[in-house]
Amino acid sequence: MIVGASLAGPRTAAALRELGYDGELTIIGAEPYPPYDRPPLSKELRIVDLPYDGLRATWRLGRRAVGLDAGRRAVRLDDGTLQTGDGLVIATGACARPWPGRVPARGVFTLRSRDDALALRAELAPGRRLVVIGAGFLGGEIAAAARRRGLTVTLVEAADQPLRGALGAEAGAFLAGLHRDAGVDLRTGRTLRAFQGTDRLTAVTLDDGSTIPADLSVIALGAVAATEWLAGSGLLLDSGLRCDERLRVLRADGGPAPGIVAVGDVVRWPHPLAGGNLISLGHWTNAVEQAATAAHNLLHPHDARPYTGVPSFWSDLYGAKIRSIGLPALADEVRVAESDPAARRLEAAYLRDGRLIGAVTVNRVARLAPYRRELHAGLTAVVTR
Amino acid sequence: MRVTVDLGLCESHGQCVFAAPEVFAFDDDDNLRYESEPPAALSAQVEQAAALCPVRAVSVRRTAP
Ligand SMILES: Cc1cc2nc3c(=O)[nH]c(=O)nc-3n(C[C@H](O)[C@H](O)[C@H](O)COP(=O)(O)OP(=O)(O)OC[C@H]3O[C@@H](n4cnc5c(N)ncnc54)[C@H](O)[C@@H]3O)c2cc1C
Ligand code: SF4
């Protein structure tokens, strides 16, 4: 039984079949659509379906899991029925972090799902004024998509550079340049105070008291793991669903819950590259790579393997291909090998305690392979030690 | 085994290069180059490359030995 029918869930189903699992498979998903891909939602505001033929699964789409008895692996659905399974894969991903304050009835959006993308796309008309709150990867891509469609865009960021925390000051300055060159009004060091308007958004007020007239606003303040349905399940929740390094879900007492694994954005687990500290990743490739390990470990609990994927992320801004590997956010030193804003090229290595922990390139993906090899070798060494 | 990459779809994500470096590589301008008939010994890596490509540009066809 698999809960979550997006990327991680169906990919785990496919891995189970590839590994020879021949029994019943049920895939439960809250959205009433077959699986689709999220990255194109923010880049081109386009819906791209994911193909899932040949899984021989029973799909229960438009059905939300609302509770779990972890000991019996019994999932309660929103139609009141109970589903039990010999094994359970939790792949419920994440949701957009909501704005805690008041939000006008119309004009303010978040972007996580197909419905969100279609609602936003319908409003992105040329000449309209958009304020994006948060200049992370998602906020940056939305700003870029809106510029391409001829909107006036203001991008508000709390840090002094976009992605300062994730990629450091050098890459942050580089990205700030991309936004400004595209005509985005980038306001760094500023946070949202309030949305103005009751029926429809009229303006956005920032923490310095400045007011930006606006027709539309997108809140892009990150994601929160979708674990609300697991409250009271006896599983360990801690800014995500706590797993061990083998992607086995942990109980509140710290031991693995038999027959339950988790995959994708929902997982919070100790990563060897982070020195065993807990991380969560909202990365496409992470969901795909974890699926294979989780499927193996569910089928072969006595030969459960650690997950050793090298984190890998991409983002596209105004045609600049940003590629990141490892965990640059944890670096204490950045070495810039090349920075050529005119040619829109960047290559930077990220180190922690003098050791490579990540790398970022812009329009220089060819340069990533050696870094990736070094990170991969390091991870394999840690795990087999 | 026969590999084809739809270069119209490819966005230079590099996942195929990471998964199967003997088969896929970039030139200096980030254009993908690949071996279209890799040896069967590399089939697991090539399958992995196809699975990891975010835009599903890589297709693999098994040919008779
Ligand atoms: C707009 C956008 C752009 C992105 N761009 C990139 C990118 O460029 N590069 C990159 O590496 N990553 C990107 N990502 C991240 C990537 O899409 C995610 O890492 C990936 O979708 C994770 O897959 P998942 O299956 O773990 O979670 P999700 O895709 O979040 O899927 C979880 C599914 O579970 C369902 N669900 C939740 N709760 C329940 C419940 N109680 N019962 C039943 N079903 C439930 C949800 O409805 C959802 O369909 C992007 C994400 C978004 C939103
Ligand atoms: S993984 Fe796909 S998109 Fe990336 S380089 Fe290979 S073929 Fe191109």
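Residues numbered from 1 in each chain as written. Chains lettered and ligands numbered in written order. Predicted model: local features only at pLDDT ≥ 70, side-chain atom pairs only at ≥ 80, totals over all residues. Heavy atoms only, no water.

Per an unreviewed UniProt entry, chain B is named Ferredoxin, and its organism is Actinoallomurus spadix. Taken directly from UniProt, the Cofactor (unreviewed entry) text for chain B runs: "[3Fe-4S] cluster". (UniProt positions renumbered as here; feature names shortened; annotations may be inferred.)

Chain A has the name FAD-dependent oxidoreductase in an unreviewed UniProt entry, where Actinoallomurus spadix is given as its organism. Chain A has a UniProt comment under Cofactor (unreviewed entry) that states "FAD".

**Student:** Looking at this structure, I do not really get the pattern of salt bridges. What am I missing?
**Tutor:** Think of it this way: side chains of opposite charge can pair up when their charged atoms draw near. Residues and elements named next belong to chain A. Counted by the stated rule, this structure contains 32 salt bridges over all chains. The residue glutamate 141 makes a salt bridge to lysine 43 at a minimum N-O spacing of 3.0 Å. With glutamate 141 in helix H4 (residues 137–148) and lysine 43 in helix H2 (residues 39–43), this residue pair connects regions lying 98 residues apart in the sequence. With relative accessibility at 5%, the residue glutamate 141 sits in the buried group. Counted as one network, the salt bridges with shared partners bring together Arg60, Arg63, Asp78 and Asp79. (Salt bridge = Lys/Arg side-chain N within 4 Å of Asp/Glu carboxyl O. Helix = DSSP H or I, 4+ residues; strand = E, 2+ residues; numbered from the N terminus. Buried < 20%, exposed > 50% of the residue type's maximum accessible area, 1.4 Å probe, protein only.)

**Student:** I'm lost on the site of ligand 2 in this one. Help?
**Tutor:** As a matter of local geometry, ligand 2 sits amid 13 residues, with Cys10, His13, Gly14, Cys16 and Cys53 of chain B nearest to it. When its residues are assigned to classes, the shell around ligand 2 shows eight nonpolar, four polar and one charged. (Near = heavy atom within 4 Å. Nonpolar A, V, L, I, M, F, W, Y, C, P; charged D, E, K, R; others polar.)

**Student:** Before we go on, may I ask you to explain the interface of chain A and chain B in this structure?
**Tutor:** Interfaces are often sized by the amount of accessible area the parts lose when they come together. Between chain A and chain B, the residue contacts involve 24 residues of the former and 18 residues of the latter. Buried area between chain A and chain B, summed over both chains or domains, comes out near 1600 Å², and the portion from carbon and sulfur atoms is 56%. Considering only the surface of chain A that becomes buried against chain B, Val365, Ala366 and Arg372 of chain A emerge as the three largest contributors, covering 26% of it. Across the chain A-chain B interface, the total number found is one salt bridge. Across the pair arginine 345 of chain A and aspartate 29 of chain B runs a salt bridge, and its minimum N-O distance is 3.8 Å. There are nine residue pairs in polar contact (both at pLDDT 80 or more) connecting chain A and chain B. Contributing elements (two or more residues each) for the side of chain A that touches chain B: strand S4 (48–49), helix H6 (284–299), strand S25 (312–317), strand S26 (320–326) and helix H7 (368–384) of chain A. (Contact = heavy atoms within 4.5 Å. Buried area = accessible area lost by both parts, 1.4 Å probe. Polar contact = N/O pair within 3.5 Å; in protein donor to acceptor, adjacent residues only side chain to side chain.)

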